[in-house]
Amino acid sequence: MEADGALDPMALERELRAAVAADERRERENDAKLRAVRQRVPSYEEFRNIVLASHLKPLEKKDKMGKRRNVLWNPCAAHAKAPQASNVEIPQELDQLPRTSAEFYRDWRRCLKSGTEKYQFLLELGGKALGRIFQADLSFGLLGEFLTVLAENVCHEDRDAILQILQSLSGTKRFGLNVDLLSESEKESSRDLFRKLRSMSRDYWTAGHPSSPAGCEAEREAHLMDASLQKEAEEERVVMELMKCYQVK
């Protein structure tokens, strides 16, 4: 709605397109699930792969005759055309960050080619925005992809931001079901991520700090040490609670 109270047609159109895209994706994934059940796939991995590949379109005969195609058979695998200044920057196609789950899913699939780009994308959004985007529905398979990307790229400077992301995702609806549906490799990525987070915490707090001069500085250092120990205990408590949410032992 504009400042004068009038409706913004462009905003309404964006919301409508996002809602239509979300409905189409949900219907497509449901059809894929039913198809996998009818085929009686032998394992959960195959079931999951069928659902994740539901957006792919089969090749037609004319696509196999050596003719140049003007339409990609897999639009979600389209590569970015503009050169990137750095492999950790978000692609230039993303002129603005997504505000809905449909927009996020579109950008995640189409524009982000590497795990590093996806990692930077998650950090750029942050835990608060991700929690708002996926409050109603976290798409099938995305949680596992998030955990894998975070585990592969986590560094100490991003530790607090990653903890916020994990906390926000744990508050989304059907989060427990998404955790139950993680593949074995994704569960291992989750364990690896929390191992790294705990290790980073221990390394930081056990590294120590330079000694202070004798006298009144000793009392100041003691107060700083007490505050550090309290913060360490609080961070460890947060990590342990998240490990329970993500079923990491």
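What you see is a predicted model; the values in this text were computed from it and never measured.

(A) Spotlight on the overall build of the protein. Summing up its helical and strand segments, the protein has nine helices and zero strands in all. Looking at the protein as a whole, 36% of its 249 residues are labelled buried. Taking all contacts inside the protein whose residues are at least 6 apart in sequence as the whole, residues at least 24 apart take part in 72%. As displayed, the protein offers around 15800 Å² of accessible surface, 53% of which is attributable to carbon and sulfur atoms.

(B) The packing of aromatic side chains, seen in detail. Tallied over the entire structure, the rule returns nine aromatic pairs. Plain terms: the ring middles of Phe104 and Trp108 are 5.4 Å apart, the flat faces sit at 20° to each other, and that makes the pair stacked. Remark: Trp108 and Phe104 occur in helix 3 (residues 101-110); sequence separation between them is four residues, near one turn of the helix. Accessibility expressed as a relative area gives 0% for Phe104, which makes it buried. Measuring from centroid to centroid gives 5.1 Å for Trp108 and Phe146, while their planes differ by 80°, and the two rings are edge-to-face. Of this pair, Trp108 sits in helix 3 while Phe146 sits in helix 5 (residues 142-153), and the two are 38 residues apart along the sequence.

(C) Spatial organisation of the confidence of the model for the protein. Per-residue confidence for the protein averages 77 on the pLDDT scale, and 70% of its residues sit at or above 70. Averaged over each element, pLDDT in the protein is lowest for helix 2 (residues 44-52) (73) and highest for helix 5 (96).

(D) Inspection of the packing of helix 3 against helix 4 (residues 115-133) at higher detail. Their axes nearest at 12 Å, the elements helix 3 and helix 4 cross at an angle of 170°. Classified by the angle between their axes, helix 3 and helix 4 sit roughly antiparallel to one another. Crossing of helix 3 over helix 4 shows left-handed handedness. Here helix 3 contributes Ser101, Phe104, Asp107 and Trp108 to the contact with helix 4, which in turn contributes Lys118, Phe121, Leu122, Leu125, Leu130 and Ile133. Residues of the contact of helix 3 with helix 4, tallied by class, amount to seven nonpolar, one polar and two charged.

(E) Summary view of helix 3. Most of helix 3 is tucked away, with eight of its 10 residues classed as buried. Within helix 3 the residues assigned to the buried category are Ser101, Ala102, Glu103, Phe104, Tyr105, Asp107, Trp108 and Arg109. In this structure, the buried side of helix 3 is in contact with helix 1 (9-39), helix 2, helix 4 and helix 5.

(F) How the structure looks around the environment of Gly144. Structurally, Gly144 is set in helix 5. The class of Gly144 is buried, set by a relative accessible area of 2%. Taking C-alpha positions, Gly144 is 5.3 Å from Glu186, a pair spaced 42 residues apart along the chain. With residues up to four places along the chain from it excluded, the contact list for Gly144 reads Leu182 and Glu186.

(G) Just the packing of helix 1 against helix 2, in detail. The geometry of helix 1 relative to helix 2 is characterised by a closest axis approach of 8 Å and an angle of 145° between their N-to-C directions. Here the hand of the crossing between helix 1 and helix 2 comes out right-handed. Packed against helix 1, whose contacting residues are Glu29, Ala32, Lys33, Arg35, Ala36, Val37 and Gln39, the element helix 2 presents Phe47, Ile50 and Val51 at the interface. Looking at the contact of helix 1 with helix 2 residue by residue, the classes come out as six nonpolar, one polar and three charged.

(H) Here's a closer look at the nonpolar core. Ranked by internal contacts, the top residues of the largest apolar core, which has 40 residues, are Phe104, Leu166 and Tyr246. Counting only elements with at least two residues in this core, the list comes to helix 3, helix 4, helix 5, helix 6 (159-170), helix 7 (175-180), helix 8 (184-206) and helix 9 (216-245). The element that contributes the greatest number of residues to this core is helix 4, accounting for eight residues. Once you skip the residues sitting within four places of it in the chain, Leu166 turns out to touch Leu147, Leu150, Leu193, Phe194, Leu197, Leu242 and Tyr246. By size, the runner-up hydrophobic cluster in this structure holds six residues, among which are Ala32, Ala36, Phe47 and Val51.

Rules of the game
- Residues numbered from 1 in each chain as written.
- Predicted model: local features only at pLDDT ≥ 70, side-chain atom pairs only at ≥ 80, totals over all residues.
- Heavy atoms only, no water.
- Helix = DSSP H or I, 4+ residues; strand = E, 2+ residues; numbered from the N terminus.
- Buried < 20%, exposed > 50% of the residue type's maximum accessible area, 1.4 Å probe, protein only.
- Contact = heavy atoms within 4.5 Å.
- Areas by Shrake-Rupley, 256 points an atom, 1.4 Å probe, with all protein chains shown as cover.
- Phe/Tyr/Trp six-rings, centres within 6.5 Å; stacked < 30°, edge-to-face > 60°.
- pLDDT = per-residue confidence, 0-100.
- Axes fitted to C-alpha atoms, helices over the stretch in contact; angles between N-to-C directions.
- Parallel < 35°, antiparallel > 145°, perpendicular 65-115°, else oblique.
- Left-handed = near helix turned anticlockwise from the far one by under 90°.
- Nonpolar A, V, L, I, M, F, W, Y, C, P; charged D, E, K, R; others polar.
- Core = buried A, V, L, I, M, F, W, Y, C linked by side-chain atoms within 4.5 Å.

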